[in-house]
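Spelled out from the first residue to the last, the chains are:
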Amino acid sequence: MFKRAFWAAACVASAACGSGAPAAPTSSTSALSAPTSFVITSQQVFLDRNVVALSWSGGASTYKVFAGSTAGASDLLSADVTGTSYTWTAPRTAGVFYVRVAATSGGQTGTASTELPVYTIDLRNVIDALYFGYGPMSDANGRAPASTVAVWPDGATIQTLVTAQTGAASLTAAQTFVADYLAASSNFISVPISTTATTYTGVALQDIPENTVVVRVDNSVCPQPGVIACAYYGPKPYGLGRSTVNLNAAPTGNTPDSWKAIAHEIGHAFGLHHLVMNSSGRAEFQFLMNPALVASQLSAVEKTAIAAARAGGIRAGTTRSEAVSLGLVLPQ
Ligand SMILES: [Zn+2]
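Residues numbered from 1 in each chain as written. Predicted model: local features only at pLDDT ≥ 70, side-chain atom pairs only at ≥ 80, totals over all residues. Heavy atoms only, no water.

Points about the coordination of the zinc ion
Our working definition: Here a donor is any nitrogen, oxygen or sulfur atom (N, O, S) within 2.8 Å of the metal, with 3.2 Å used for Na, K and Ca; water is not among the atoms considered, so some sites may look incomplete. Partly exposed describes any residue whose relative accessible area lies between the buried limit of under 20% and the exposed limit of over 50%, with all areas from a 1.4 Å probe on protein chains only and scaled to the type maximum.
Coordination of the zinc ion by the protein is provided by His264 (NE2), His268 (NE2) and His274 (NE2), with metal-donor distances spanning 2.0 to 2.1 Å. Residue histidine 264 is classed as buried on the basis of its relative accessible area, which comes to 0%. The exposure class assigned to histidine 274 is buried, which follows from its relative accessible area of 9%.

A few points about helix H2 (residues 168–184)
Short version of the rule: Comment: elements are numbered from the N terminus, with helices defined as DSSP H or I runs of at least four residues and strands as E runs of at least two. What a helix should span is 1.5 Å times the count of its residues minus one.
With 17 residues, H2 should cover 24 Å at 1.5 Å per step; its first-to-last C-alpha distance of 25 Å lies within 8% of that length. Where H2 is concerned, the buried positions are Ser170, Leu171, Ala173, Ala174, Phe177, Val178, Asp180, Tyr181, Leu182 and Ala184. Downstream of H2 by a residue or two, serine 186 has a phi angle that is positive, lying close to 55°.

Quick look at the state of the cysteines
Note the following rule: The disulfide criterion is simple: two cysteine sulfur atoms within 2.5 Å.
This model, assessed by the stated rule, comprises 1 disulfide. Residue pairing for cysteine 222: its cysteine sulfur links by disulfide to cysteine 230, the two sulfurs lying 2.3 Å apart. One disulfide, between cysteine 222 and cysteine 230, carries an S-S torsion of -95° and so falls in the left-handed class. This pair shows no difference in class: cysteine 222 is buried, exactly as cysteine 230 is.

Some thoughts on the sheet that holds strand S6 (residues 85–90)
Strand-to-strand pairing in sheets goes through backbone hydrogen bonds, with the strands running parallel or antiparallel. To be explicit about the condition: Strands are labelled as partners when DSSP assigns at least two bridges between them. Axis lines are fitted through C-alpha atoms, for helices just across the contact stretch, and the angle between N-to-C directions can take any value from 0 to 180 degrees.
What the 3 strands build is an open sheet, ordered S2-S3-S6; its pairing is antiparallel. Each edge of the open sheet is held by one strand with a lone partner, namely strand S2 (36–45) and S6. Across the sheet, the mean angle from the axis of one strand to that of its neighbour is 20°, orientation sign disregarded. Two strands pair when backbone bridges link them, and strand S3 (residues 50–57) and S6 are joined in this way by 6 bridges, in the antiparallel orientation. Within S6, the residue paired with asparagine 50 across the bridge is alanine 90.

Observations regarding the pairing of strand S7 (residues 95–105)
Here S7 lies mainly inside the structure; 8 of its 11 residues are buried. Alignment of S7 against strand S9 (residues 116–120), held across 5 bridges, turns out to be antiparallel. If you follow tyrosine 98 over to S9, its bridge partner there is proline 117. Two successive antiparallel strands, S7 and strand S8 (residues 108–112), enclose a turn made up of 2 residues, where glycine 106 displays a positive phi of approximately 55°.

Comments concerning the pattern of salt bridges
Where we set the bar: A pairing counts as a salt bridge when a side-chain nitrogen of Lys or Arg comes within 4 Å of a carboxyl oxygen of Asp or Glu.
Scanning the model with the defined rule gives 11 salt bridges in all. Two residues, aspartate 122 and arginine 124, come together in a salt bridge whose shortest N-O distance is 2.7 Å. Both residues of the pair, aspartate 122 and arginine 124, count as buried. Arginine 315 serves as the salt-bridge partner of aspartate 154, at 3.8 Å between the closest nitrogen and oxygen. Taken together, the residues aspartate 154 in the loop between helix H1 (123–132) and strand S10 (159–163) and arginine 315 in the loop between helix H4 (300–312) and helix H5 (320–325) connect sequence positions 161 residues apart. The class of aspartate 154 is partly exposed, set by a relative accessible area of 42%.

The values are spatial; any link to function lies outside them.
In structure tokens form, the structure reads like this:
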């Protein structure tokens with residue numbers, strides 16, 4: 001039985017629900033004033049680490065940056081820094097850590113800044129969610145993992161047809177997704193994209209040629225209230241080796257969410273499942289495959305996961321236990 005992936009209007013909590021930890025008091029009695037404007041300027045996620053860039057303002061020339069596994073702790077980092085920025089290489093594992101900075105002078109350490117929580121992401125959980133629909137970053141809610149990944153076979157040519165009825169923005173959305181996906185996965189397939197005057201409305205999935213993805217307007221596949229689009233997972237054996245992306249209505253200038261949905265649904269057509277993160281509101285974690293449609297194209301984290309999955313050996317038909325053996329997902 002083939003699977004359909006739905007996008008529903010309110011199926012996931014807001015991604016912007018992070019909460020700040022209270023600032024820990026410092027025992028220092030130094031007159032050195034606390035740095036201000038302490039912020040996380042960026043966070044990158046790799047298979048073996050998170051990289052957290054910090055910056056602040058202050059009148060001192062030297063500082064100490066602290067990171068701890070609990071509020072106020074410094075068990076992970078106590079670094080002497082010249083200047084008002086620092087890049088912390090944080091653990092690869094998922095967790096919440098606490099960072100703060102204090103001015104130093106003449107061997108004294110001043111009052112600490114506001115303390116910030118850092119929500120680290122384990123890229124193995126990203127791969128698990130995207131490729132198996134499983135783990136803490138999926139929206140599986142107790143569902144079993146997919147038996148195998150849905151990844152097109154190496155060297156395949158995947159014809160992608162965008163019907164003219166879905167509009168010029170659909171073509172652009174498809175082109176951008178495919179370019180990002182192929183760049184991340186070392187061009188292991190080729191994906192020619194073209195427009196067609198044929199609407200394909202009402203054409204059964206089984207009648208779509210193999211290794212073809214059709215982006216069309218067709219409200220017969222997912223007509224449920226609140227759903228604007230859906231797609232079939234494409235690659236075998238999880239899918240039928242073909243896919244349709246089905247928009248319930250042609251996008252218009254007033255419904256940008258429809259365009260956002262196109263790359264998301266093509267993601268499903270290319271085998272990707274949902275990816276969610278609710279404990280941080282950071283822009284880096286606005287994922288394309290979040291069903292709340294918080295992004296219009298693949299995020300850097302998703303691209304890194306796709307690259308790591310490819311480089312680490314995930315191929316068409318890879319099972320989850322094989323991915324565990326490859327070190328690409330956690331046993332959980
Ligand atoms: Zn979806």
